[in-house]
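Tertiary structure, described
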Amino acid sequence: MFNDIGALELVALVVLAVLIFGPDKLPKVIQDASRFIRKVREFSESAKHDIRSELGPEFKDFDFEDLNPKTFIRKQLNDNDDLKELKDLRSSFDLKKEINEVANAVNGTESDTSVPAAVNGSPGTPDLLKKREKPLQDERPPFDADAT
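Just so we're clear, the structure is a prediction, and the values are computed from it rather than from any experiment. (Residues numbered from 1 in each chain as written. Predicted model: local features only at pLDDT ≥ 70, side-chain atom pairs only at ≥ 80, totals over all residues. Heavy atoms only, no water.)

On to the overall build of the protein. Helix and strand counts for the protein stand at six helices and zero strands. Along the protein, from the amino end to the carboxyl end, the secondary structure elements read α-α-α-α-α-α. Counting every position in the protein, which comprises 148 residues, the buried fraction comes to 7%. Considering only contacts in the protein between residues 6 or more positions apart, those separated by 24 or more positions represent 13%. When the accessible surface of the protein is summed, it comes to about 13,800 Å², and 59% of that surface belongs to carbon and sulfur atoms. (Helix = DSSP H or I, 4+ residues; strand = E, 2+ residues; numbered from the N terminus. Buried < 20%, exposed > 50% of the residue type's maximum accessible area, 1.4 Å probe, protein only. Contact = heavy atoms within 4.5 Å. Areas by Shrake-Rupley, 256 points an atom, 1.4 Å probe, with all protein chains shown as cover.)

Note that an α-helix has 3.6 residues per turn; residues three or four places apart therefore point the same way. Counted at 1.5 Å a residue, the expected span for helix α2 (residues 26-55) with its 30 residues is 44 Å, and the 44 Å between its end C-alpha atoms agrees. Two residues or fewer after α2 comes G56, characterised by a positive phi angle close to 105°. (Expected span 1.5 Å × (residues − 1).)

The next subject is the pattern of salt bridges. The full count for this structure, using the stated rule, is two salt bridges. Measuring nitrogen to oxygen at the nearest pair gives 3.5 Å for the salt bridge that ties D32 to K28. Here the residue D32 and the residue K28 both occupy positions in helix α2, the gap between them amounting to four residues, near one helical turn. We classify K28 as partly exposed; its relative accessible area is 45%. Here R35 and D32 are joined by a salt bridge, their closest N and O atoms 3.2 Å apart. Separated by three residues within a single helix, R35 and D32 lie in helix α2, roughly one turn from each other. Its relative accessible area of 38% is what places R35 among the partly exposed residues. Salt bridges here are not isolated pairs; linked through shared partners, they connect K28, D32 and R35. (Salt bridge = Lys/Arg side-chain N within 4 Å of Asp/Glu carboxyl O.)

A grouping of I5, L10, L13, V14, L16, V18, I20 and F21 is seen on the molecular surface, where their side chains present a nonpolar patch of about 690 Å² in accessible area. Here L13 shows up in helix α1 (residues 7-21). On the basis of relative accessible area, L13 is assigned to the partly exposed category, the value being 47%. (Patch = residues over 30% accessible without salt bridge, like charges linked within 9 Å, V, L, I, M, F, W, Y side chains within 5 Å.)

What follows concerns α1. The terminal C-alpha atoms of α1 lie 21 Å apart, and with 15 residues this matches the ideal 21 Å at 1.5 Å per residue to within 8%. Positive backbone phi, approximately 85°, marks G22, located one or two places after α1.

A word on the confidence of the model for the protein. Scored by pLDDT, the protein comes out at a mean of 78, with 74% of its residues at no less than 70. Per-residue pLDDT, averaged within each element of the protein, yields its smallest value for helix α6 (residues 117-120) (46) and its largest for α2 (92). Note on residues 115-120: pLDDT under 50 across the span, and eight contacts to partners over four residues away in sequence or across chains. (pLDDT = per-residue confidence, 0-100.)

Pasting the structure below:
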């Protein structure tokens, strides 16, 4: 908690505490603060124990530090087997191919699935990834009922 406090800062805090509380009340304030911290720790440990007992035996090894997102992500990324599977899955997925297959299914056309339709250059299949600059003369703009 106080890992980054230097010696000069610590001396300044002690001098400030002596000036605020006085030398006669300072030991009593330190005792009260340490007693308060001890009670908070005991309360926290008893709450953790109660939660573990209520969750049951299957959560016996549950660690409350895993609820911290940074700790959870770090723990999950350290498992290299899952990371390798994720990389394999990502490399096997081709977004352009999937989009063109869906577009072909919607348009009712069949094309070679090994080569995407946009690369294939077939004139009947529109390239869904490329935006047209200007609509065709006979073509009406798309109607969006939610926009009106």
